[in-house]
Amino acid sequence: MNGKSSGAALLELRRVTKRFGSRLAVSDVSFSLRPGEIFGLLGPNGAGKTTLLRIAVDLLRPDEGAVEIFGRAPRPEALERMGYLPEDRGLPARARALNLLIYLGELKGMSRASAREQGRALLGRMELDARERSKIGELSKGNQQKVQMAAALMGDPMLLLVDEPFSGLDPMNRSLVVQLLQETVAQGKAVLISTHQLQHVEQLCHRMLLLNQGSMVLEGEVGPVRKSYADGSVLVRGSGDFAALPGVQRVALAADGGNGELPIRLYLKPGVTTETILQQVVERRLSLTSFAPHVPTLEEIFVRAVGGRPDA
Amino acid sequence: MRKILAVARYEFLGAVTRLGYLITLVGMPLFVGGLMLISSLAAMSTVAESLARKRTIGIIDETGLFADAPNALEAELTPMPDSLTRPSAGPPLVRRTELKRFRSLDEAQTDLQSGAVTSVIRIPRDYLASGSLEEYVRGKREFDLSAGRTSAAGILRPWLVCGLLQGRVDPTLAARVADSPRLHRFVLEPSGAKAPADTLRELRPFMVPLGFALLLLVSVFTSASYLATGLAEEKQNRALELLLTSLTPDQLFWGKLLGLWAAALLQFLLYLVAVALPAGLLFQSLGLSPIQAVVGFCYFVLGFFFYGAVLLTVGAIGNTQKYTQQLSAVFTLAAILPMIMITSLLAHPAGRLARTLTYIPFTAPVTGLLRYGADALPPWEFALSLLVLTASAALVIRICAKIFRVALLATGTTPTPAQLFRWLRTG
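Residues numbered from 1 in each chain as written. Chains lettered and ligands numbered in written order. Predicted model: local features only at pLDDT ≥ 70, side-chain atom pairs only at ≥ 80, totals over all residues. Heavy atoms only, no water.

## Observations regarding a nonpolar patch on the surface
Quick reminder of the rule: Residues enter patches when their relative accessible area tops 30% and they take part in no salt bridge; the joining distance is 9 Å for like charges and 5 Å for the nonpolar side chains Val, Leu, Ile, Met, Phe, Trp and Tyr. Under the convention used here, a 1.4 Å probe and the Shrake-Rupley method define accessible areas, while residue burial counts only the protein chains that appear. Salt bridge, as used here, is a side-chain nitrogen of Lys or Arg placed within 4 Å of a carboxyl oxygen of Asp or Glu. Only DSSP runs of H or I covering at least 4 residues are called helices, and only runs of E covering at least 2 are called strands; the numbering of each starts at the N terminus.
A cluster of nonpolar side chains, A:Leu278, A:Val282 and A:Leu288, forms an exposed patch at the surface whose accessible area comes to about 230 Å². Positionally, A:Val282 belongs in helix 9 (residues 274-283).

## Some words on the interface of chain A and chain B
Quick note on the threshold: Working rule for contacts: check all heavy atoms of both residues, and any pair within 4.5 Å makes them a contact. Accessible area that two parts lose when put together, evaluated with a 1.4 Å probe and summed over both, is termed the buried area. Here a polar contact means two N or O atoms within 3.5 Å. Within protein one must be a hydrogen donor candidate and the other an acceptor candidate, and residues neighboring in sequence count only if both atoms are side-chain atoms. Gly counts as polar in this scheme, as do all residues outside two lists: the nonpolar Ala, Val, Leu, Ile, Met, Phe, Trp, Tyr, Cys and Pro, and the charged Asp, Glu, Lys and Arg.
Across the contact, 25 residues belong to chain A and 19 residues belong to chain B. Interface of chain A and chain B: buried area, both sides summed, is about 2200 Å²; carbon and sulfur atoms make up 57% of it. Contact with chain B buries surface across chain A, with A:Leu59, A:Tyr103 and A:Leu107 losing the most and accounting together for 29% of the total. At the surface where chain A touches chain B, the tally comes to 2 salt bridges. Close ionic contact of B:Lys3 with A:Glu80 constitutes a salt bridge, the shortest N to O distance being 2.7 Å. Run the count over chain A and chain B and you get 5 residue pairs in polar contact (both at pLDDT 80 or more). For the side of chain A that touches chain B, the leading source of residues is helix 3 (residues 97-107) of chain A, giving 5 residues. Partitioning the side of chain A that touches chain B into residue classes produces 15 nonpolar, 2 polar and 8 charged.

## Let's talk about helix 1 (residues 2-16) of chain B
Note the threshold: Take the number of residues in a helix, subtract one, and multiply by 1.5 Å to get its expected span. Three exposure classes are used, based on accessible area relative to the maximum for each residue type with a 1.4 Å probe and protein chains only: buried under 20%, partly exposed in between, and exposed over 50%.
With 15 residues, helix 1 of chain B ought to run about 21 Å at 1.5 Å a step, and its terminal C-alpha atoms sit 21 Å apart, in line with that. Within the sequence span of helix 1 of chain B, burial applies to B:Lys3, B:Ile4, B:Ala6, B:Val7, B:Ala8, B:Glu11, B:Ala15 and B:Val16.

## Things to note about the packing of helix 5 (residues 141-153) of chain A against helix 6 (residues 171-186) of chain A
Residue and element names in this part refer to chain A. Our working definition: Interaxial angle, 0 to 180 degrees, is taken between N-to-C directions of lines fitted to C-alpha atoms, where a helix line uses only the stretch in contact. By definition in this entry, angles of less than 35 degrees are roughly parallel, angles greater than 145 are roughly antiparallel, angles of 65 to 115 are roughly perpendicular, and the rest are oblique.
At a minimum axis separation of 12 Å, helix 5 and helix 6 run at an interaxial angle of 5°. Viewed along their axes, helix 5 and helix 6 adopt a mutual orientation that is roughly parallel. Across the interface between the two elements, Lys146, Met149 and Leu153 of helix 5 pack against Asn173, Leu176, Val177, Leu180, Leu181 and Thr184 of helix 6. Partitioned by chemical class, the residues of the contact of helix 5 with helix 6 number 6 nonpolar, 2 polar and 1 charged.

Set out below in structure tokens:
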């Protein structure tokens, strides 16, 4: 996570409600997006994430509540300064990659020449410069997704709304897109990202909103939200009888931390602090290679808050 | 306007570089021309063969009046045209017919069923009083393209006349009475000049407007069907969502309509230049005139906007390409209705049916063109028909743009008429 958000909101949704017939898709949702910020929109399928994105880009009008883009109600000039990556790969199969970007650039108000220049630059950035004459239908799914990402970035938008941007990408290309999004916010722009892939939200997002069945469940900065869900347990790596420590209620093996050695999770007795446990470890001369309070992952929080896995 | 033009250019280039468009552009005139040439040559050859073939007709003469009449007869026929430009060249055709006499139908039965005689003519006892003959044929026969010129009654007429008058009047007079009059047709121009009538000249009221109508239908429906299926595809794969974040549904609607209209216009003009103009220059008697081109162009422009708007909405409503194609077919059928009724329309170009179809927007372009060619569309009717078409196109565009606006983002089930009405109110 990098960048620092500040200034007036580029996008603000206030108490937005949307119904499709008798079905309530979004209920009383509010959030805002500031310059230099990546905002994560999370939730299980059918939570209302895509509906919110469509409302944000003025494809749908809310039944109640208000939307402001750049401080005003949505209007065509404001929409030109927004980039949108829909969830489904919605590019015409017969179109050639560069021609399509030029066309989309023109629709964003660019001249043909500057749209061509920017289209080429973006395809180069996506490592697709050799495929600029290729038809979309001839590209792999991953490359189609990259062209779609380039399409969203045409016109140099101040506000970028991306729905599942990592879908169909291999790890190398995921890193490329992460890097692009980070560069975008570093320029003082804002990104709204809707995804199931929670590790990217942890890695990228400054703030997040968790939706379930159209309603807000959690909202706030990613770090404090994770800390608020901490249960006081401690993750340690080392050797010795950690279960015998006086302050420990029980121990469990935690998920792999990545270095091969599985950490042990120590659940503390009520009133015992991490400092006390650390002191007990030192006093009993247990071997220790790492010691850190456990902060739950967003996936754990998701499961606890929603009662299911993110892709459920 | 800039965005509308950007969409129009994109759609135009997308349409004219499609393989299907290019195949239609080049292939359609070749296909239609080739088909017409082959079928007319085949028909001419078959008719000529059929006429020249020796026939045998069975005769049951119950009157005894024709006992001395010859048992064979020959007739010289007007030659078949070699082509549309040479209507009466080539050597004359001679039709030879032999007659085989039978005493009764029972006796003739075997020859008739075996095909030894093509038909049997019974001349009853009261023939002189009644003038009636009876012809007997097999239940199943080959279809004969020359049937109109080879009916037994037609062939036998000179034989009957000669048989009746033989020995009673001068043979030359009998031959003249038996022979059908040979009519030579001329066209008398208002200037007083006269010229032999030819096939092309007679076909002119039919061919030129029919050609224009075909051009119009092919151009309009090639492009308009791309419009509808392309939109259904964009809707299905959600490409429209990306577009609609940068422009309004109205801008998209007009951009697509103009782009595809330009593609249709290009096709229309290329057909005109590549087919109609050379044909007009080559066959001057077709009498192609700039006014005809203007009339055709007026109907083309308004017809495209009318059908384009309708089919664009069909594309917006449809959630699958299959559904869109099925729904488009209904409107295509409405447009070709005048072609289906062409015989009635050309027989009575100023009749009630023709006039009614001239004012129905779906059938107006083709009917108007056919009536104009038949000199049965007075200027006031032409103007009124264009006015109706313009008003209908404007109304349809307005209604369709409303439905289009709402329908674009509606996915899932196909809308019901009630839902369409709601979209119309909310769009």
